[in-house]
Amino acid sequence: MSSDSTPEPPGWQRPGFVPLPDYREYPPDEMLSRARAFHAELSRRRTVRDFDPRGVPREIIEQCLLTAGTAPSGAHRQPWRFVVVSDSDIKRQIREAAEAEEREFYAERAPKEWLEALAPLGTDADKPFLETAPYLIAIFAERYGVAGDGKHLQNYYVTESVGIATGMLIAALHHAGLATLTHTPSPMGFLNELLGRPKNERPFLLLVVGYPAADARVPDLQRKPLDDIAAFR
Ligand code: IYR
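Residues numbered from 1 in each chain as written. Predicted model: local features only at pLDDT ≥ 70, side-chain atom pairs only at ≥ 80, totals over all residues. Heavy atoms only, no water.

**Q** Looking at this structure, I do not really get the overall build of the protein chain. What am I missing?
**A** Counting its regular elements, the protein chain contains eight helices and six strands. If you list the helices and strands of the protein chain from N to C, you get α-α-β-α-α-α-β-β-β-α-β-α-β-α. Structurally, the protein chain occupies a C-alpha span of about 55 × 50 × 40 Å along its principal axes. Counting the 233 residues in the protein chain, one finds 35% classified as buried. Of all intrachain contacts in the protein chain linking residues separated by at least 6 positions in sequence, the fraction that spans at least 24 positions is 81%. Once the 28 positive and 33 negative side-chain charges of the protein chain are each reduced to a mean point, those two points are 2 Å apart. (Helix = DSSP H or I, 4+ residues; strand = E, 2+ residues; numbered from the N terminus. Buried < 20%, exposed > 50% of the residue type's maximum accessible area, 1.4 Å probe, protein only. Contact = heavy atoms within 4.5 Å. Lys, Arg positive; Asp, Glu negative; His and termini not counted. Charge placed at Lys NZ, Arg CZ, Asp CG, Glu CD.)

**Q** What is the right way to read the packing of helix α2 (residues 58-68) against helix α6 (residues 158-176) from this model?
**A** Two quantities define a packed helix pair, namely the angle between the helix axes and the distance between the axes. Interhelical geometry of α2 versus α6 gives an angle of 140° and a closest axis separation of 8 Å. α2 and α6 meet at a crossing whose hand is right-handed. For the pair α2 and α6, contact is made by I60, I61, C64, L65, T67 and A68 and by A165, M168, L169, A172, L173 and A176, respectively. Here the contact of α2 with α6 is built from residues that sort into eleven nonpolar, one polar and no charged. (Axes fitted to C-alpha atoms, helices over the stretch in contact; angles between N-to-C directions. Left-handed = near helix turned anticlockwise from the far one by under 90°. Nonpolar A, V, L, I, M, F, W, Y, C, P; charged D, E, K, R; others polar.)

**Q** What should I look at first to understand the environment of A165 in this one?
**A** Checked against the element boundaries, A165 lands in helix α6. Linking A165 and A75, residues 90 residues apart in sequence, is a C-alpha distance of 15 Å.

**Q** What should I look at first to understand the packing of aromatic side chains in this one?
**A** Remark: the centre distance and the inter-plane angle together describe each pair of aromatic rings, the angle taken between the planes. Taken as a whole, this structure holds two aromatic pairs when the rule is applied. The interplanar angle of 85° and the centroid separation of 5.1 Å between the aromatic rings of F105 and Y106 together place this pair among those described as edge-to-face. For the ring pair F105 and W114, a centre distance of 4.8 Å and an interplane angle of 80° mean the geometry is edge-to-face. For W114, a relative accessible area of 45% puts it in the partly exposed group. The ring of Y211 has R54 lying over it, and the distance from NZ or CZ to the ring centre is 3.9 Å. Sitting over the face of the ring of F140, R197 holds its NZ or CZ atom 5.9 Å from the ring centroid. (Phe/Tyr/Trp six-rings, centres within 6.5 Å; stacked < 30°, edge-to-face > 60°. Lys NZ or Arg CZ within 6 Å of the ring centre and 35° of its normal.)

**Q** Explanation requested: the pattern of salt bridges in the structure shown.
**A** With the rule as written, the count across this model stands at 14 salt bridges. Across the salt bridge formed by E62 and R58, the nearest N and O atoms sit 2.8 Å from each other. Linking E62 with R58, this pair stays in helix α2, spanning four residues, or about one helical turn. What makes E62 partly exposed here is its relative accessible area of 36%. According to the relative accessible area criterion, R58 is exposed, its value standing at 59%. Note that E101 is salt-bridged to R109, the shortest N-O span being 3.7 Å. One salt-bridge network, in which partners are shared between bridges, spans D89, R92 and E96. (Salt bridge = Lys/Arg side-chain N within 4 Å of Asp/Glu carboxyl O.)

**Q** Looking at this model, I keep getting lost on the nonpolar core. Mind explaining?
**A** Among soluble globular proteins, nonpolar side chains are generally buried collectively. Of all hydrophobic cores here, the largest spans 45 residues; its most connected members are I61, F82, I137, I139, L169, L191 and L207. Contact partners of L207, with chain neighbours within four places excluded, come to Y135, L136, I137, I139, L169, I170, L173, T180, L181 and T182. (Core = buried A, V, L, I, M, F, W, Y, C linked by side-chain atoms within 4.5 Å.)

**Q** What is the right way to look at the site of the ligand in this model?
**A** Every residue lining the ligand is accounted for by R49, E102, F105, Y106, W114, L118, L121, D124, K127, H183 and T184. A total of 380 Å² of accessible area belongs to the ligand in isolation, and the protein chains cover 72% of it. Secondary structure elements with two or more residues in the shell around the ligand: α3 (88-109) and α4 (112-118). Grouping the amino acids of the shell around the ligand by side-chain chemistry returns five nonpolar, two polar and four charged. (Near = heavy atom within 4 Å. Areas by Shrake-Rupley, 256 points an atom, 1.4 Å probe, with all protein chains shown as cover.)

**Q** Is there a simple way to think about the sheet that holds strand β6 (residues 201-210) in this case?
**A** Hydrogen bonds along the backbone pair up the strands of a sheet, which may run parallel or antiparallel. Spatial ordering of the open sheet is given by β1-β2-β6-β5, a layout of four strands whose pairing is antiparallel. Strands at the two margins of the open sheet, each flanked by one partner only, are β1 (80-85) and β5 (179-183). The mean angle between the axes of side-by-side strands here comes to 25°, regardless of whether they run parallel or antiparallel. Where β1 and strand β2 (residues 135-142) come together, six bridges link them in antiparallel fashion. Looking at β2, one finds that F82 is bridged to I139. Sheet strands in contact with α2 are β1, β2 and β6, and its direction is about 170° off that of β1. Its contacts with the sheet place α3 against β1, β2, β5 and β6, and it is angled at close to 110° to β1. (Pairing = 2+ DSSP bridges.)

Honestly, it's all geometry; don't read function into it.
See below:
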């Protein structure tokens with residue numbers, strides 16, 4: 001590409017086209033049983049707030065991150081960045097910073113209506129799981145890329161792309177047999193500082209990952225039936 005054209009990410013090469021690799025078509029009855037089995041599998045996922053301190057082999061996390069990285073993204077810019085924290089010092093610092101924000105949230109910032117909406121979940125400003133769980137995955141959204149010559153490179157549909165990748169990560173971790181908690185201390189700019197991330201990366205959420213505590217309890221929630229979440233026209 002000539003130098004006056006739009007900047008491209010380092011190492012970027014315009015891809016050629018190839019025949020769709022490895023698509024698998026199943027007979028409709030098999031599709032239905034696969035769809036049912038996948039729903040049954042993901043139905044068992046519950047957000048957990050009490051974690052066991054047992055460690056989890058890093059390779060499992062790496063595999064799940066590779067799955068997250070298969071998400072579609074705007075212009076295939078893959079604007080997700082995952083920072084996996086297992087170091088207990090860094091976890092403690094994250095807990096301290098998150099709890100400072102949360103104390104303000106629960107005591108001052110949160111409107112009454114929001115606190116009422118949260119009441120059934122039993123959450124409060126104490127976040128011991130940020131130290132108990134073996135892994136915190138800080139997910140960042142790369143707002144723009146930086147080309148080799150330092151020029152900013154526009155990313156597209158960043159929030160959508162990172163949201164999709166995060167959903168796939170949660171599904172992958174669940175499928176592997178791990179529990180997760182999507183935690184969104186707000187604001188969470190402290191993550192850039194503690195994890196040394198550049199300013200083109202916006203903290204998206206903090207995923208807490210590990211085994212559930214043996215005595216973990218979860219609210220007895222119901223999921224909306226199909227008619228409430230979907231329409232066919
Ligand atoms: N970030 C706070 C509050 C909170 C907000 C929502 I929306 C939740 O679904 C759960 C918690 C906290 O983590 O406690």
